[in-house]
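Chain by chain, the residues:
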Amino acid sequence: MRIVVLVSGTGSNLQAVIDAVQRGALPVEIAAVGSDRPGTYGIERSAAAGLETFVVDFSAFDSRADWDAELLRVVQSYQPDYVVSSGFMRIVGPEFIAAYPQRYLNTHPALLPSFPGAHGVRDALAYGVKVTGCTIMWADAGVDTGPIIAQQAVKVSDHDDEASLHERIKVAERELLLETLAHLASAQDRLTQDGSAQDGGDGLRGES
């Protein structure tokens, strides 16, 4: 299963995926890692791991539509089965979503639909919840509004601040992302095998 990963920052979730792939625990090929701005540590760590990288710099385009079109063109050139947002802080356009319907994964540090947006951990603490967590969803054109794939709860300690709670959520988020990717890879493998059998062994590429 081929994936393209999109990052805007350090790419801590990405590193967990890289590590799992390198130790043979995740049957996934990282076709490329891309960013919306130059100089991100996510791109640096990907290059250090020997992965192909690209940057479609948002600030270099006159319009969001032009940036969307170029991002889609570059991502499609790698022919991914899935696209994974690893802290990618841009909302992609409807053409991108249409090109990867329920094939563009996003993560969020809260139990959606509660506390969407850029400050999910801070908002959960401010509300006073005793349990929050993380969500993996299919991204759509909204802000954390896509169909939910999986969630993991994380208890809030009386001593938590935003940093400590977010760190524990990140641990759960990485584990959940790896489980989700493994499940998708397994499902695609079964579809491919079924297609090969029905096709007389020529081999059809499975799609989810």
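One structure accompanies this document, and this report is about it. (Residues numbered from 1 in each chain as written. Predicted model: local features only at pLDDT ≥ 70, side-chain atom pairs only at ≥ 80, totals over all residues. Heavy atoms only, no water.)

Let us look at the pairing of strand β6 (residues 131-138). Look at any regular strand and the pattern is simple: side chains alternate between the two faces of the sheet. Burial runs high along β6: 7 of the 8 residues are buried. Note that β6 and strand β7 (residues 148-155) share 7 bridges and pair antiparallel. Bridge pairing in β7 links Met 137 to Ile 148. (Buried < 20%, exposed > 50% of the residue type's maximum accessible area, 1.4 Å probe, protein only. Helix = DSSP H or I, 4+ residues; strand = E, 2+ residues; numbered from the N terminus. Pairing = 2+ DSSP bridges.)

Let us now look at the nonpolar core. Membership of the largest hydrophobic core comes to 35 residues, with the highest contact counts inside it found for Met 1, Ile 3, Val 5 and Leu 181. For this core, the secondary structure elements donating two or more residues are β1 (2-7), α1 (12-22), β2 (29-35), β4 (82-86), α5 (120-127), β6, β7 and α6 (162-198). Ranked by the residues each element gives to this core, the list is headed by α6, at 8 residues. Residues contacting Val 5, with those up to four places away along its chain left out, are Leu 14, Ile 30, Ala 32, Val 33, Gly 34, Val 84 and Ser 86. Membership of the second largest hydrophobic core comes to 20 residues, among which are Phe 54, Val 83, Phe 88 and Ala 139. (Core = buried A, V, L, I, M, F, W, Y, C linked by side-chain atoms within 4.5 Å. Contact = heavy atoms within 4.5 Å.)

Right, let's talk about the sheet that holds β1 for a bit. Here we have 7 strands laid out as an open sheet, ordered β3-β2-β1-β4-β5-β6-β7, and mixed in their pairing. In the strand order of this sheet, the two ends are held by β3 (53-55) and β7, each with one partner. When the angles between neighbouring strand axes are averaged without regard to direction, this sheet yields 20 degrees. With 4 bridges joining them, strand β5 (residues 104-108) and β6 adopt antiparallel strand pairing. Bridge pairing links Thr 107 to Ile 136 in β6. Across the face of the sheet, helix α2 (residues 41-48) comes into contact with β1, β2 and β3 while running at roughly 145 degrees to β2. (Axes fitted to C-alpha atoms, helices over the stretch in contact; angles between N-to-C directions.)

Next up on the list: the environment of Gly 120. Mapping Gly 120 onto the fold places it in helix α5. Here the alpha-carbon distance between Gly 120 and Arg 174, two residues 54 residues apart in the chain, equals 17 Å. Beyond its immediate chain neighbours, meaning those up to four positions away, Gly 120 contacts His 108, Pro 109, Ala 110 and Phe 115.

Looking now at unusual backbone geometry. In this structure, the amide linkage connecting Leu 112 to the following residue, Pro 113, adopts the cis form with an omega of 10 degrees. As for its placement among the helices and strands, Pro 113 is situated in the loop between β5 and α5. Residue Gln 79 is not a glycine yet carries a positive backbone phi of 50 degrees. Counting through the fold element by element, Gln 79 comes out in the loop between α3 (64-77) and β4. One non-glycine residue, Asp 144, lies in the positive phi region at around 55 degrees. Within the element layout of this structure, Asp 144 appears in the loop between β6 and β7.

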